[in-house]
Amino acid sequence: MDPEMDAGVDPASGEPVHCWNLDDFEALDFDPFLHDRLRDQRAARIRLPFGQGTAWLMARYADVKAATTDPRFSRSELVGRTITASSPHAIASQQASMNYADPPRLNDMRRVVARAFTGKSMQRLRPTVQQTADSLLDEMERHGSPADLVEHLHGPFPLAAVADLLGMPQDMRKDMTSWANVIMTPGPAPDKSTDALKTVRECVVSLLAMRREKQSDDLAGVLAGAADAGEITEPEAVSIATAILVSGAHAVRNNSANMVYALLTHPEHHERLRREPEMIPQAVDELLRFIPHRSGVGLPRIATRDVDIAGVTIKAGETVYSSYLAANRDPEVFPNPDALDFDRGPIAHMAFGNGPHHCVGSMLARMESEIIITTLIERYPRLSLAVPPEQLEWQAGALIRGPKTLPVTW
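Residues numbered from 1 in each chain as written. Predicted model: local features only at pLDDT ≥ 70, side-chain atom pairs only at ≥ 80, totals over all residues. Heavy atoms only, no water.

As recorded in an unreviewed UniProt entry, the protein goes by the name Cytochrome P450, listed as coming from Streptomyces flavotricini.

Here it is, written out as structure tokens:
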């Protein structure tokens, strides 16, 4: 069924309503619904699979940039509201979360977190993260070719990196990746997702308590110290650590696997990075722009007053979603946007969001991606998929897209 033919008209605005069903797509296929919205000259009215009502969708780069930086659009106003949504329940805590905060309170929380996400801290962490990648690939080689890169590298590696950043002991890391995957795939099993989130939060509470007994300069130590000093509340410290742990373990797991899949199915790009490894940081940015790393959209904002934007008037109290995926494919900003092009040079993509809610872990995610690609290219010049691309199975019903397995030979 064509969702646009069956959606009707929004009675408040008189705009046609597009039912966006968030279908699962093959591999890295881009959602045609978003392509259609990029051709619109104005914001679109949408209805998502869960919740109630309708919302506005920003798709074009300029509109997304405007909506995500305009203080008249609020995240904190989401708390307690029932809106049309991609998930049947909120993934993050609504009461003490950076995701649901606005400046200036958001700025206070981000300043605390930034102490653990400095250039120097990333430099200190990099050798440890590199050693983890090397050890995981050593184990994969003992397993022998062919092997599943998701099982041996993309699954355990991001969790280890973010757990090292937090200062989480090894015995607390067991099953953390699988819990994160369940949390971020809420549609098929919302009860399991809620239970997994409760388990992870309990681990974080224990970790912060440990850091109070033995101080350290890792992220858990920073958060515990900031809570004790009254800079942030204890619930905020727990929420921040939980969000970084879950998103770090799950999002990088899938997006790094997406990157390697993209390279293995674009052999000319793969070969170029073998010849010109100095291009890898630039290539990572283009891969981040190119890959549709999530299904649908993230958290929206609520208009606190009437706003004229993207060719429409958004009334106070209405919901506004912004698609970073669509913005990254806007032909007015990225010529030939559906092509993977390592020669774009420095690009202001929105894979990590935009504005006050730009991802605090972007430096760590970039570092992990660079380490994965560099290490695989150096160790396995003949790395290739062990099965035809069409035989790979992809995540279904997940908020973050990615392959379930990535069997390779070398």
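From this point, the narrative continues.
A. How the structure looks around the layout of surface pockets. Volume-wise, the second largest pocket comes out at about 240 Å³. Looking at the second largest pocket, the residues that line it are Arg-115, Ala-116, Ser-121, Arg-124, Leu-125, Asp-164, Leu-165, Gly-167, Asp-217, Asp-218, Leu-219 and Val-222. Among the secondary structure elements, those contributing two or more residues to the lining of the second largest pocket are helix 4 (119-143), helix 6 (156-166) and helix 9 (219-228). A total of three residues in the lining of the second largest pocket trace back to one element, the largest contributor, which is helix 4. (1 Å grid on protein atoms, 1.4 Å probe; cavity = no way out; pocket = protein on both sides within 12 Å on 5 of 7 lines; lining within 4 Å. Points joined across faces, edges and corners; volume = space filled by probe spheres on them. Helix = DSSP H or I, 4+ residues; strand = E, 2+ residues; numbered from the N terminus.)

B. Spatial organisation of the pattern of salt bridges. Applying the stated rule across the entire model yields 28 salt bridges. Of the charged contacts, one joins Arg-142 and Glu-139 as a salt bridge, the two residues approaching to 2.9 Å between their closest N and O atoms. Highlighted residues: Arg-142 and Glu-139, both in helix 4, separated by three residues, approximately one helical turn. What makes Arg-142 exposed here is its relative accessible area of 60%. Residues Glu-234 and Arg-212 are paired through a salt bridge, measuring 2.5 Å at the closest nitrogen-oxygen approach. Placement of Glu-234 in helix 10 (residues 234-264) and of Arg-212 in helix 8 (residues 190-213) is noted, with a sequence separation of 22 residues between them. Linked through salt bridges whose partners overlap, the residues forming this network are Arg-105, Asp-108, Arg-111 and Glu-236. (Salt bridge = Lys/Arg side-chain N within 4 Å of Asp/Glu carboxyl O. Buried < 20%, exposed > 50% of the residue type's maximum accessible area, 1.4 Å probe, protein only.)

C. Quick peek at empty space enclosed by the protein. Taken as a whole and assessed by the stated rule, the structure comprises four cavities of 30 Å³ or more. In this structure, the largest cavity occupies an estimated 70 Å³ of space. Lining the largest cavity we find Trp-20, Leu-22, Asp-23, Phe-25, Asp-31, Leu-34, Pro-292, Arg-294, Ser-295, Gly-296, Leu-325 and Arg-401.

D. A look at the nonpolar core. Counting 88 residues, the largest nonpolar core has Leu-149, Leu-223, Ile-232, Leu-273, Leu-287, Ile-373 and Leu-376 as its most contacted members. For this core, the element with the most residues is helix 10, which contributes 16 residues. Non-local contacts of Leu-149, meaning those with residues more than four positions away in its chain, are made with Leu-137, Met-140, His-154, Val-260, Leu-376, Leu-406 and Val-408. (Core = buried A, V, L, I, M, F, W, Y, C linked by side-chain atoms within 4.5 Å. Contact = heavy atoms within 4.5 Å.)

E. Local environment of the sheet that holds strand 3 (residues 55-58). Taken in spatial order, the six strands of this open sheet run 1-2-3-9-6-4, and their pairing is mixed. Each of the sheet's edge strands pairs with one partner strand only, and the pair in question is strand 1 (17-19) and strand 4 (73-74). The pairing of strand 2 (residues 44-47) with strand 3 spans three bridges and is classified as antiparallel. Paired with Arg-45 across the bridge in strand 3 is Trp-56. (Pairing = 2+ DSSP bridges.)

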